[in-house]
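Listed here are the chains, written in short residue letters.
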Amino acid sequence: MESQKEYAQPKSLYIYLLVVGIVLVAFNLRPTITSMGPLIGMIQKDVGLAHWSAGLLMSLPLIVFAIMSPLVPKIAGRITNELTLLAGLMILLAGIGIRSIPLTLFLFSGTFLIGVGIAIGNVLLPAICKDKFPQKFGLMTSVYSTSMGLIASLASGVSVPLAVGMNLGWQGSLLVWGIPALAAIFVWTAIVKRNQGNRKEIDRTQSGSTGVWRSPLAWQVAAFMGFQSFLFYVTISWLPEILHSHGMSMEKAGWMLSIMQLIGLPASFFIPVIAGRYRSQVWIAFTLSLCSLVGYAALWLGSSPVILYGSILFIGITLGGSFPLALSYIGLRARNAGQAVELSGMAQSTGYILAAVGPSLIGILYDATHLWTMPLITLILISVLVMCFSMLSGRNRFV
């Protein structure tokens, strides 16, 4: 009896350590990107970047995500998920430090390393949740996706106050995000050391992860991830300008963008929990996609404040819920952690290719017409594709 208690206590401590570690990784997957936008003007002035260079700097992490995501499962298959994740956190921390040096070469090389580190975390976190919490996968997806949303919103809001209000400058403001990276490295070092004594468990997590690139269902999940990413990054990039074209001040339009992200947080938490309780998620996918169609149609057709506020509500719900639903599909459509990491790499590679293309494509459409009509019709058509692929991905099947 006493020996059972002694066994249960370390196992229970390990579970708590894993939960804390997963949340800390989630804290590192967005702020180094979302904190850059509000500071880009200061960086341009200090370093002497042209507008096209600043645009490339902002897009660079997404390009790296697309390139790295398919490679991560191969690396993890050789040295385990946990060790690969720890290496990714160290690369991220190095990138944060290098990016804060006010020279163009260091700015871009540091941002590249940040992209590599985040890509590793993006791909591996769903697989680790699938392996360590197979019965609570939906809940754990909710926890870390909501954590990502909260810290991303916080990073956008505090960047300028840190740089100006606390006199840290843009370098110090960006360096602050090395703190959660350090904390995550500390926790995952402890997890890796603990796992070295349990070789059997590690081997199990890496097995069975082949063939997803030949699966039609995997391509459906990847297409859903891609098109919902397209909607998200286009909306983040252009929503204030669209609202401004309807007569809203830019300051108010900026606040509407923040409110939209906050509206999505409840959906971000509850959608994976609900999805995990059902074998089929088709009805969830349909409901979220319907919100997308209503939201973008209202943004296109309406100019009154009531209609615009309604569009923000519906778009917030769909964007807040779609990404966590896509993450949930990675675990729910995979039979084991090995398949989950392969599906995650495939889906996120596709997703970030479309995400990187989206804002530029919408900008080109606007430049060609000088109206937001064609860009918004495009978003409505993309919402239809999101509905199709999210419902196909939601069927009770495995890759």
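Residues numbered from 1 in each chain as written. Predicted model: local features only at pLDDT ≥ 70, side-chain atom pairs only at ≥ 80, totals over all residues. Heavy atoms only, no water.

Asks: Which residues make up the overall build of the protein chain, and what are the values?
Replies: Along the backbone of the protein chain there are 17 helices and zero strands. Taking 21 Å as the expected radius of gyration for a compact globule of 399 residues, we find that the protein chain reaches 21 Å, a close match to that expectation. Along the longest, intermediate and shortest principal axes, the C-alpha atoms of the protein chain span 70 × 50 × 35 Å. Within the span of the protein chain, comprising 399 residues, buried residues form 54% of the whole. For the protein chain, long-range pairs separated by at least 24 residues make up 82% of all intrachain contacts whose partners lie at least 6 apart in sequence. Accessible area of the protein chain: about 17200 Å², with a carbon and sulfur share of 70%. (Helix = DSSP H or I, 4+ residues; strand = E, 2+ residues; numbered from the N terminus. Rg over C-alpha atoms; globule rule 2.2 N^0.38 Å. Buried < 20%, exposed > 50% of the residue type's maximum accessible area, 1.4 Å probe, protein only. Contact = heavy atoms within 4.5 Å. Areas by Shrake-Rupley, 256 points an atom, 1.4 Å probe, with all protein chains shown as cover.)

Asks: Outline the nonpolar core, listing residues and values.
Replies: Among the nonpolar cores identified, the biggest contains 115 residues, and Ile 22, Ile 43, Trp 188, Leu 243, Leu 299 and Leu 325 are the most heavily contacted of them. The greatest single-element share of this core, amounting to 15 residues, is contributed by helix α12 (residues 216-245). Ignoring any residue separated from it by four or fewer positions in sequence, one finds Trp 188 in contact with Leu 18, Gly 21, Ile 22, Val 25, Glu 82, Leu 85, Leu 86, Leu 89 and Ile 128. (Core = buried A, V, L, I, M, F, W, Y, C linked by side-chain atoms within 4.5 Å.)

Asks: So what about the pattern of salt bridges? Which residues, and what values?
Replies: Counted according to the given criterion, the structure contains two salt bridges. One salt bridge connects Lys 132 with Glu 82, and the closest N-O pair in it is separated by 3.2 Å. A residue pair is termed long-range when its members are at least 10 positions apart, and Lys 132 in helix α7 (residues 104-132) and Glu 82 in helix α6 (residues 81-99) qualify at 50 residues. Glu 82 shares its class with Lys 132; the two are buried. Residue Lys 132 is joined to Asp 131 by a salt bridge in which the shortest nitrogen-to-oxygen separation is 3.6 Å. (Salt bridge = Lys/Arg side-chain N within 4 Å of Asp/Glu carboxyl O.)

Asks: Please set out the confidence of the model for the protein chain residue by residue, giving values where relevant.
Replies: Across the protein chain, the average pLDDT comes to 87, with 94% of residues at 70 or higher. Within the model, the stretch residues 1-9 combines pLDDT values under 50 with zero contacts to residues more than four positions away or in other chains. Every residue in residues 199-209 scores below 50 in pLDDT, and together they form 24 contacts with partners more than four places removed in sequence or on other chains. (pLDDT = per-residue confidence, 0-100.)

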